[in-house]
Amino acid sequence: MAVRPKWTDFPTSNVRRYLEPGPIVLVSSAHEGRTNIMTMGWHTVMEFTPSLVGCVISSANHSHKMIRRSGQCVINLPTTKLTDVVVGVGNTTGAEIDKFAHFGLTAVAAERVSAPLIAECHAAFECRLHDDALVDKYDFFVFEVVKAHVAATPKHPETLHYTGGGVFVVSGKIISRRLMFRPGML
Ligand SMILES: Cc1cc2nc3c(=O)[nH]c(=O)nc-3n(C[C@H](O)[C@H](O)[C@H](O)COP(=O)(O)O)c2cc1C
């Protein structure tokens, strides 16, 4: 049997240190001729078909208004090569600067939405707002991924996972337990 770790009390307001899953993403948007990008860690897969992703986008962010009004965004997956960009994008606002120009990122036209893809990212998922019922109460947007663009390699990109306090964990060793899964669970 596994050895039981010794637990101590922990502040409930800091459980993000353990629960925030990442990977950190860059959310790009477009509205009334302007583009923007924000950094986001609070997202969750909700359904496979249709492909639904829930995201907390604070109403304090410029992106909130742009995404709510346009009803669209792109969820882009950066790797550790973009760590400083991820931090910079998450500490500046599109209300004041053009983040594509400021951070030297390349906007590429998407196929199904008006928000741009970020060319430097490993993957980019075009999203349409599927349900805004929880936006007013929790800033929680439910998006449907309507088109996905993914680099063929590496198969397991080195992604960033935020733990708060300016600290990230980087994805690492790959382990498989495929043979232990019921087919329906794969
Ligand atoms: C690592 C990291 C993760 C973040 N995750 C979120 C998030 O999940 N939701 C959110 O609303 N803001 C999040 N932020 C904050 C926004 O990215 C930040 O407020 C940004 O300046 C918003 O830009 P905007 O005003 O141009 O939209 C995060 C920031 C960092 C650095």
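Details of the structure are given in the entry above.
Residues numbered from 1 in each chain as written. Predicted model: local features only at pLDDT ≥ 70, side-chain atom pairs only at ≥ 80, totals over all residues. Heavy atoms only, no water.

**Side note on the nonpolar core**
- Among the nonpolar cores identified, the biggest contains 17 residues, and Ile-57 and Phe-143 are the most heavily contacted of them.
- Elements that contribute at least two residues to this core include exactly β1 (25-31), β2 (34-40), β4 (52-56), β5 (72-77), β8 (123-131) and β9 (140-150).
- Beyond its immediate chain neighbours, meaning those up to four positions away, Phe-143 contacts Ser-51, Leu-52, Val-53, Cys-55, Ile-57, Ile-67, Cys-73, Cys-127, Arg-128, Leu-129 and His-130.
- Membership of the second largest hydrophobic core comes to 13 residues, among which are Ile-37, Val-86, Cys-121 and Leu-160. (Core = buried A, V, L, I, M, F, W, Y, C linked by side-chain atoms within 4.5 Å. Buried < 20%, exposed > 50% of the residue type's maximum accessible area, 1.4 Å probe, protein only. Helix = DSSP H or I, 4+ residues; strand = E, 2+ residues; numbered from the N terminus. Contact = heavy atoms within 4.5 Å.)

**So, the pairing of β2**
- For β2, the tally of buried residues reaches five of seven residues, placing the bulk of the element in the interior.
- As judged from the seven bridges shared by β1 and β2, these two strands associate in the antiparallel manner. Paired with Ala-30 across the two strands is Thr-35, which belongs to β2.
- Hairpin connection from β1 to β2: two residues lie between these consecutive antiparallel strands, with Glu-32 at a positive phi of about 50 degrees. (Pairing = 2+ DSSP bridges.)

**What about the site of the ligand?**
- Around the ligand, the structure places 22 residues, and the nearest of them are Asn-61, Ser-63, Thr-92, Thr-93 and Gly-94.
- At a separation of 2.7 Å, an oxygen atom of the ligand approaches a polar side-chain atom of Asn-61.
- At a separation of 2.6 Å, an oxygen atom of the ligand approaches a polar backbone atom of Thr-92.
- Here the ligand loses 87% of its free accessible area of 650 Å² to cover by the protein chains.
- At the level of secondary structure, the elements contributing two or more residues to the shell around the ligand comprise β2 and α2 (62-70).
- Broken down by element, the residue count for the shell around the ligand peaks at five residues, all from β2.
- When grouped by side-chain class, the residues that make up the shell around the ligand number 10 nonpolar, 11 polar and one charged. (Near = heavy atom within 4 Å. Polar contact = N/O pair within 3.5 Å; in protein donor to acceptor, adjacent residues only side chain to side chain. Areas by Shrake-Rupley, 256 points an atom, 1.4 Å probe, with all protein chains shown as cover. Nonpolar A, V, L, I, M, F, W, Y, C, P; charged D, E, K, R; others polar.)

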